[in-house]
Each structure stands twice: as C-alpha cells, then as structure tokens.
Amino acid sequence: MAKVEKDMSFLDHVEELRWHLVRSTAAVMLVAIVAFVMKDLIFNKILFAPKNADFVTYRFFCKVSKFFGTEGLCIDDMPFTFQSLAMAEQFSVHIWTSITAGFIIAFPFIIWEFWKFISPGLYEKERKGARTFIIISSFLFFVGVLFGYYVVTPLSVNFLGNYSISDMVARNIKIGSYIALV
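In what follows, the accompanying structure is described.

Rules used in this analysis
- Residues numbered from 1 in each chain as written.
- Predicted model: local features only at pLDDT ≥ 70, side-chain atom pairs only at ≥ 80, totals over all residues.
- Heavy atoms only, no water.
- Axes fitted to C-alpha atoms, helices over the stretch in contact; angles between N-to-C directions.
- Helix = DSSP H or I, 4+ residues; strand = E, 2+ residues; numbered from the N terminus.
- Parallel < 35°, antiparallel > 145°, perpendicular 65-115°, else oblique.
- Contact = heavy atoms within 4.5 Å.
- Nonpolar A, V, L, I, M, F, W, Y, C, P; charged D, E, K, R; others polar.
- Disulfide = S-S within 2.5 Å.
- Phe/Tyr/Trp six-rings, centres within 6.5 Å; stacked < 30°, edge-to-face > 60°.
- Buried < 20%, exposed > 50% of the residue type's maximum accessible area, 1.4 Å probe, protein only.
- Lys NZ or Arg CZ within 6 Å of the ring centre and 35° of its normal.
- 1 Å grid on protein atoms, 1.4 Å probe; cavity = no way out; pocket = protein on both sides within 12 Å on 5 of 7 lines; lining within 4 Å.
- Points joined across faces, edges and corners; volume = space filled by probe spheres on them.

Before going further, it helps to spend a moment on the packing of helix 3 (residues 56-67) against helix 6 (residues 133-162). Axes are the key here: two packed helices are described by the angle between their axes and the distance separating the axes. Two elements in contact, helix 3 and helix 6, have axes whose closest approach is 9 Å; the angle formed by their N-to-C orientations is 85 degrees. Comparing the axis directions of helix 3 and helix 6 gives the class roughly perpendicular. In contact with Val 56, Thr 57, Tyr 58 and Phe 61 of helix 3, helix 6 contributes Tyr 150, Pro 154, Leu 155, Val 157 and Asn 158. Residue composition of the contact of helix 3 with helix 6, by class: 7 nonpolar, 2 polar and no charged.

A separate point is the state of the cysteines. Counted by the stated rule, this structure contains 1 disulfide. Paired by a disulfide, Cys 62 and Cys 74 hold their sulfur atoms 1.9 Å apart. Judged by the sign of its S-S torsion, about 80 degrees, the cystine formed by Cys 62 and Cys 74 is right-handed. Placement of the pair is Cys 62 in helix 3 and Cys 74 in the loop between helix 3 and strand 1 (81-83), with a sequence separation of 12 residues.

Evaluation of the coordinates by the stated rule reveals 19 aromatic pairs. Centre to centre, the rings of Phe 60 and Phe 61 are 6.1 Å apart; their planes meet at 50 degrees, and the pair counts as tilted. The exposed category is assigned to Phe 60, whose relative accessible area is 51%. The rings of Phe 43, Phe 48, Phe 80, Phe 82 and Tyr 178 are connected pair by pair, giving a single aromatic cluster. Taking NZ or CZ as reference, Lys 51 lies 4.7 Å from the ring centre of Phe 80, over its face.

What follows concerns the layout of surface pockets. When its volume is computed, the largest pocket comes out at roughly 640 Å³. Lining the largest pocket we find 26 residues, and of these Ile 46, Leu 47, Ala 101, Ile 104 and Val 145 sit closest to its centre. Counting residues per element, the ones that place at least two in the lining of the largest pocket are helix 1 (10-37), helix 2 (39-47), helix 4 (89-118), helix 6 and helix 7 (175-181). With 8 residues, helix 4 is the largest single contributor of residues to the lining of the largest pocket.

Limitation: the analysis is restricted to geometry and does not speak to function.
Here is the structure:
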C-alpha cells in the first residue's frame, strides 16, 4: 500500500505506480470478462441499437420534427447491413469491445487509483480542495459517454448509413467499422 514516508526513492515511486496500474488493469480485465460473457446485451441491446429506426433518439427527433409540423427528422429505415470480411473479425471486435466496456465501467476505480497515487504528494489543503475529484470526473466522463451514445452516435449512424454517392454502390458496412464509429 501507499507509504507514509515523505522520502521515497524514485524506484519506490515506480513500484507504487506499478501496483496502481496493476490494480487498474485488473479491474478493467474483470469487467471486460463480464462484458465478454454478456455478448447479447453489449451488441444487440447497446451497440446495434442505434441502427434500429425505433432507437430512443430517433423517436425523440421525430417527435420534435412533428411538433414543428414536418416529418423531416423521422427515420423509417437504416438501409445498410453488417458484414464480416475477415476470418477473425467478429472475435476481434468482441474482444476489443469487451475491453472498451471494461474501461468505461471501471473508470471510477481507475480515477480512484490515480488519485491514491498522486494524493500523498499533495499538501493537506490541496487534498481537501480536491476531494470531489473522483465523483466529478466520473460524472463528467459518464455524461460524455451518454452524450456520445445518445446524440453523436445516432446522428453519425443515420448520416453515414444513409449517405450514398450512387445507387450502384451497396451499403454493406464492415462490423469493425461500425463498432469503431459507435
């Protein structure tokens, strides 16, 4: 655990940092394993949800559009399909999506570990002034994730999924490309 002494050598600091990184990585990996097992929830209910025309953001845009007397923002269909072009693409996407979910969900713990590492180097007044750091940073991180998921992602999926330079070009999206966008 963290040493109370003020005089730690450089190697002591590196060792302390190493254990904070090990605990953070372990938390990410444990959550990633759970996410890997919950494949149906992660993919069908969360990641592929913005592809469905009845996604909550699309319904909201449609209601706003109807409120203003038009149906210009109503979406009936997403005219693209997913495809897997490489032998291991679906497995790779599953692994990387699980790790990303692990990082997102374990973020408060990672910030807490980061705080535990830097807080001994701060004066008591600085520590007291930054007590809410973990809560505020986690809150803002999750607000950003939710904004990206409910606002940026649907707009991007709708625009890019419907964009076409010609009717001669089919819209078959690589699954890895879609997941990277989301």
